[in-house]
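The lines below spell out each chain.
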Amino acid sequence: GAAFATPSLADLKADYLAACLGASNQNTELCTCKADEAVKYADDEMLGYIITAMKDNAKFRDMVQKGEVPEAVVKKWPTYVRESNKVCIPPTN
């Protein structure tokens, strides 16, 4: 029953990739890497919020302000950003 209500990880990864490509001016290399890393640090719920943030950052910030984003997601967010950037964004020389 209820297991089908949640999108699969593959679907979330595809949604993440699409949102990232839209937010990054079609940076396929970056977004493919970030999608691979995101699934290591974020659960299904957090991936949904990450996708929302990439699609409509103002809406996401508003949701955080209103307390609509779970505290666990807010707490894990900096780790996800730091760790995925460490892998996916080469240091500038």
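Everything quoted here is computed from the prediction, not taken from an experiment. Residue positions within a chain follow its written sequence, with the count starting from 1. Only residues with pLDDT of 70 or above have their local features reported here, since the model is predicted, and side-chain atom pairs are shown and tallied only from 80 upward, although totals for entire chains, interfaces and linings are computed over all residues. Derived side-chain values reflect all non-hydrogen atoms in the structure, with water molecules and hydrogen atoms excluded from consideration.

### Side note on the state of the cysteines
Right, so step 1: The definition used for a disulfide is geometric: two cysteine sulfur atoms within 2.5 Å. Per the stated rule, a full pass over the model turns up two disulfides.
Right, so step 2: Linked covalently through their sulfurs, C33 and C88 form a disulfide whose S-S length is 2.1 Å. The chirality of the disulfide connecting C33 with C88 is left-handed, given an S-S dihedral of about -85 degrees. Separated by 55 residues along the polypeptide, C33 in helix 2 (residues 28-41) and C88 in helix 5 (residues 71-88) bring together distant segments of the chain.
Right, so step 3: With its disulfide-bonded cysteines labelled consecutively along the sequence, the chain is connected as 1-2, 3-4. Helix and strand assignments follow DSSP, with helices taken as H or I runs no shorter than four residues and strands as E runs no shorter than two, numbered in order from the N terminus.

### Overview of the packing of aromatic side chains
The geometry of an aromatic ring pair is captured by the separation of the ring centres together with the interplanar angle, meaning the angle of the planes.
Right, so step 1: Each aromatic pair joins two rings of Phe, Tyr and Trp (for Trp, the six-membered one) with centres within 6.5 Å, and gets the label stacked for planes under 30 degrees apart, edge-to-face for over 60, and tilted for any other angle. Scanning the entire structure with this criterion turns up two aromatic pairs.
Right, so step 2: For the ring pair F60 and W77, a centre distance of 4.7 Å and an interplane angle of 25 degrees mean the geometry is stacked. One end of the pair, F60, is in helix 4 (residues 57-65); the other, W77, is in helix 5, and 17 residues separate them in sequence.
Right, so step 3: On the accessibility criterion, F60 (8% relative accessible area) is buried.
Right, so step 4: Ring geometry for W77 and Y80: centres 6.1 Å apart, planes at 80 degrees, overall edge-to-face. Here the residue W77 and the residue Y80 both occupy positions in helix 5, the gap between them amounting to three residues, near one helical turn. The exposure classification of W77 matches that of Y80, with both residues buried.
Right, so step 5: Among the aromatic residues, ring-to-ring pairing joins F60, W77 and Y80 into one connected group. The classification of residues rests on relative accessible area computed with a 1.4 Å probe and restricted to protein chains. Under 20% of the type maximum is buried, over 50% is exposed, and intermediate values are partly exposed.

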